[in-house]
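Read off the chains here:
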Amino acid sequence: MTKSHFEGDLRAPAGARYAIVASRWNPKITDTLVAGARKAFADHGVADDAVDVIRVPGAWEIPVACARLAASGGYAALLALGCVVRGDTRHYEQVADGCSDALMRVALDTRVPVANGVLAVDDYADAEKRAGGTHGNKGEEAALVAIEMSHLLEQFA
């Protein structure tokens, strides 16, 4: 009988490797996002040595690192973690939208899931709420997405 329903869960495929690509910009926030992601991986049985952390200068540089890592074929999924805070110029929109669009392109072009945990917030307080504050930790959420998507896509192999 052919399977007609597919759904991922929070069991990492055997031998799966993950990469966290994180911005160094706004380090208090991004370090907290990375810690949340690492904790989520550990809590779901992913060994510490199966998770690589790659640091890039800012959110703008995250997609090119993700593209290179995805093309390597060595990762079941990638996480993009960063923080872009609205300022007085259009730079915020250019960086936040450009990063998001490029991450989707990486995922579609390489067929490697890219969990987008790059915060685009109005102010630093909003970022703190999403990095371990009242809105949880978006790094943790991105790790859960990566695990679930890698499990789902394994079913299509």
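Below is a summary of the structure that appears in this document.

Conventions used here
Residues numbered from 1 in each chain as written. Predicted model: local features only at pLDDT ≥ 70, side-chain atom pairs only at ≥ 80, totals over all residues. Heavy atoms only, no water. Core = buried A, V, L, I, M, F, W, Y, C linked by side-chain atoms within 4.5 Å. Buried < 20%, exposed > 50% of the residue type's maximum accessible area, 1.4 Å probe, protein only. Helix = DSSP H or I, 4+ residues; strand = E, 2+ residues; numbered from the N terminus. Contact = heavy atoms within 4.5 Å. Arc of directions from axis to C-beta. Axes fitted to C-alpha atoms, helices over the stretch in contact; angles between N-to-C directions. Parallel < 35°, antiparallel > 145°, perpendicular 65-115°, else oblique. Left-handed = near helix turned anticlockwise from the far one by under 90°. Nonpolar A, V, L, I, M, F, W, Y, C, P; charged D, E, K, R; others polar. Expected span 1.5 Å × (residues − 1). Patch = residues over 30% accessible without salt bridge, like charges linked within 9 Å, V, L, I, M, F, W, Y side chains within 5 Å. Areas by Shrake-Rupley, 256 points an atom, 1.4 Å probe, with all protein chains shown as cover. Salt bridge = Lys/Arg side-chain N within 4 Å of Asp/Glu carboxyl O.

One finds Tyr18, Ile20, Phe41, Leu79 and Leu81 to be the most contacted residues of the largest nonpolar core, which totals 26 residues. Going through the elements one at a time, β1 (18–23), α1 (27–43), β3 (77–85), β4 (114–121) and α5 (138–154) are the ones with two or more residues in this core. Of all the elements, α1 adds the most residues to this core, at 6 residues. For Phe41, the contacting residues outside a window of four places in its chain are Tyr18, Ile20, Val46, Val51, Leu79, Ala143, Ala146 and Ile147. Core analysis: the next-biggest nonpolar cluster, separate from the first, contains 23 residues, Val21, Val56, Leu78 and Val84 among them.

When we look at burial in helix α2 (residues 62–72), the residues that qualify are Ile62, Pro63, Ala65, Cys66, Leu69 and Ala70. Angular distribution of buried residues about the axis of α2 spans 160 degrees; they occupy a single face of the element. Away from its buried face, by an angle of more than 90 degrees, α2 presents the exposed residues Val64, Arg68 and Ala71. Of the surrounding secondary structure, the elements contacted by the buried residues of α2 are β1, β2 (51–56), β3, α3 (91–110) and β4.

Another point: the packing of α1 against α5. Packing of α1 against α5 leaves a shortest axis separation of 6 Å and a crossing angle of 40 degrees. On the basis of the axis angle, α1 is oblique to α5. Judged by the sense of rotation from one axis to the other, the crossing of α1 with α5 is right-handed. Seen from α1, the contacting residues are Leu33, Gly36, Ala37, Ala40 and Phe41; seen from α5, they are Lys138, Gly139, Glu140, Ala143, Leu144, Ala146 and Ile147. Taken together, the residues that form the contact of α1 with α5 break down as 8 nonpolar, 2 polar and 2 charged.

A positive phi angle, close to 55 degrees, is found at Asn26, a residue other than glycine. Structurally, the position occupied by Asn26 is in the loop between β1 and α1. Under the relative-accessibility criterion, Asn26 is labelled buried at 16%. Even without being glycine, Arg111 reaches a positive phi, approximately 65 degrees.

Turning to α1, a few remarks are in order. In a regular helix each residue adds 1.5 Å, so 17 residues correspond to 24 Å; α1 covers 24 Å between its end C-alpha atoms and thus fits that length. Regarding α1, the residues found buried are Ile29, Thr30, Leu33, Val34, Gly36, Ala37, Ala40 and Phe41. Buried positions in α1, seen along its axis, are confined to an arc of 160 degrees and lie on one side of it. A positive backbone phi angle near 85 degrees is found at Gly45, which sits one or two residues after α1.

Turning to a nonpolar patch on the surface, a few remarks are in order. Side chains of Phe6, Val145, Met149, Leu153 and Phe156 sit close together on the surface and give an oily, nonpolar patch of about 410 Å² of accessible area. Its place among the elements puts Val145 in helix α5. Judged by its relative accessible area of 43%, Val145 is partly exposed.

The values are spatial; any link to function lies outside them.
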